[in-house]
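Here's the letter readout for the chains.
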Amino acid sequence: MIEVRDVFQVKFGKIDQAVDLFKRLHKISPPHAEAGVHYHVLTDVSGPMYTLVTEFVVETLGEWEISSQKILNAPGFADWFKEFQLLIEGGRREFYTIEGPCEDWSRSGVVVVRQNYRALKWQIRPAVALLQRYGALLTAFGVGQNPRILTDMSGQM
C-alpha cells in the first residue's frame, strides 16, 4: 500500500478555515467519498505552527494517479481550489510504502505520534524488521495502538 501525504503550511490564523475546507472535499471528490478509502486530515500539535497534513492511502501509485485525475476533474473542484489557494502558503507531497497492515484509526481527537528514523545505507530492511518487532512489543504493553511503519518513496533516502 502507498500513503500519499500532502503537508501544507497554512497562513497565520487560517487553520480552522483550512480544516473546514478539507472536511468538505469528500462532498465534491469521488475518491475521497469512496467507502474503504483511508483519508485523514491532521493538524499540528508540535512542529511548525499552522501545518495541515492530508493522508490518502491507495494500493498502488497507478491508483493514486487515477484518483488524482478524478479529483482534479470533479465538478466543484475548481471552486474549492480557489478557496484553498487563499489559505495556503506552500507545501510538499510525500510518498511512502506502508510496511505491513494498515488499520484505519481516523476519528476526531486521535493524536498521531510520528517518529522519523534514518537507516544506515542499505540497511532499510533490517531497520523495518526491528521496528516491526519492537513496535509490536510496545503495543503489547499498551504503548500506542495501530502502529504503521512507512518507508519513503520520495524525498531524502
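Since this is a predicted model, take the numbers as computed values, not measurements.

Some remarks on the overall build of the chain
Piece 1. Counting its regular elements, the chain contains five helices and five strands.
Piece 2. Along the chain, from the amino end to the carboxyl end, the secondary structure elements read β-α-α-β-β-α-α-β-α-β.
Piece 3. Taken over 157 residues, the chain has a buried fraction of 32%.
Piece 4. Considering only intrachain contacts with a sequence separation of at least 6, the fraction spanning at least 24 residues in the chain is 79%.

Remarks on the pattern of salt bridges
Piece 1. For the structure on display, the rule yields six salt bridges.
Piece 2. When the shortest N-O distance is used, the salt bridge between Glu-55 and Arg-5 registers 3.2 Å. Taken together, the positions of Glu-55 in strand S3 (residues 51-58) and Arg-5 in strand S1 (residues 2-10) put the pair 50 residues apart, joining distant regions of the chain.
Piece 3. Using a relative accessible area of 2% as the deciding quantity, one classes Glu-55 as buried.
Piece 4. What makes Arg-5 buried here is its relative accessible area of 4%.
Piece 5. Residues participating in the shared-partner salt-bridge network are Glu-3, Arg-5, Glu-55, Arg-92 and Glu-94.

Let's talk about the packing of aromatic side chains
Piece 1. In the structure shown here, the tally under the stated rule is ten aromatic pairs.
Piece 2. Here the aromatic rings of Phe-22 and Trp-80 are separated by 5.1 Å at their centres, their planes lie at 85 degrees, and the arrangement is edge-to-face. Residue Phe-22 is located in helix H1 (residues 15-28), and its partner Trp-80 is located in helix H4 (residues 77-87); the two are separated by 58 residues in the primary sequence.
Piece 3. Residue classification places Phe-22 among the buried residues on the basis of a relative accessible area of 5%.
Piece 4. Judged by its relative accessible area of 6%, Trp-80 falls in the buried class.
Piece 5. Among the aromatic side chains, those forming a connected cluster through ring pairs are Phe-8, Phe-22, Phe-77, Trp-80, Phe-81 and Phe-84.

Definitions and cut-offs
- Along each chain, the written sequence defines residue order, and numbers are assigned to residues from 1.
- Whole-chain, interface and lining totals are the exception, using all residues; otherwise, since this is a predicted model, local features are given only for residues with pLDDT of at least 70 and side-chain atom pairs are given and counted only at 80 or more.
- Water and hydrogen atoms play no part in the side-chain values, which are based on all heavy atoms of the structure.
- Helix numbers and strand numbers start at the N terminus; a helix is a DSSP run of H or I with at least 4 residues, a strand a run of E with at least 2.
- Buried, partly exposed and exposed residues are distinguished by accessible area as a fraction of the type maximum, computed with a 1.4 Å probe on protein chains only: under 20%, between the cut-offs, and over 50%, respectively.
- The contact rule is simple, with two residues in contact once any of their heavy atoms fall within 4.5 Å.
- Salt bridges are counted wherever a side-chain nitrogen of Lys or Arg sits within 4 Å of a carboxyl oxygen of Asp or Glu.
- Here the aromatic set is Phe, Tyr and Trp, taking the six-membered ring for Trp, and pairing holds for ring centres within 6.5 Å; pairs whose planes are under 30 degrees apart are stacked, those over 60 apart are edge-to-face, and all others are tilted.

Interpretation in functional terms is not warranted from these geometric data alone.
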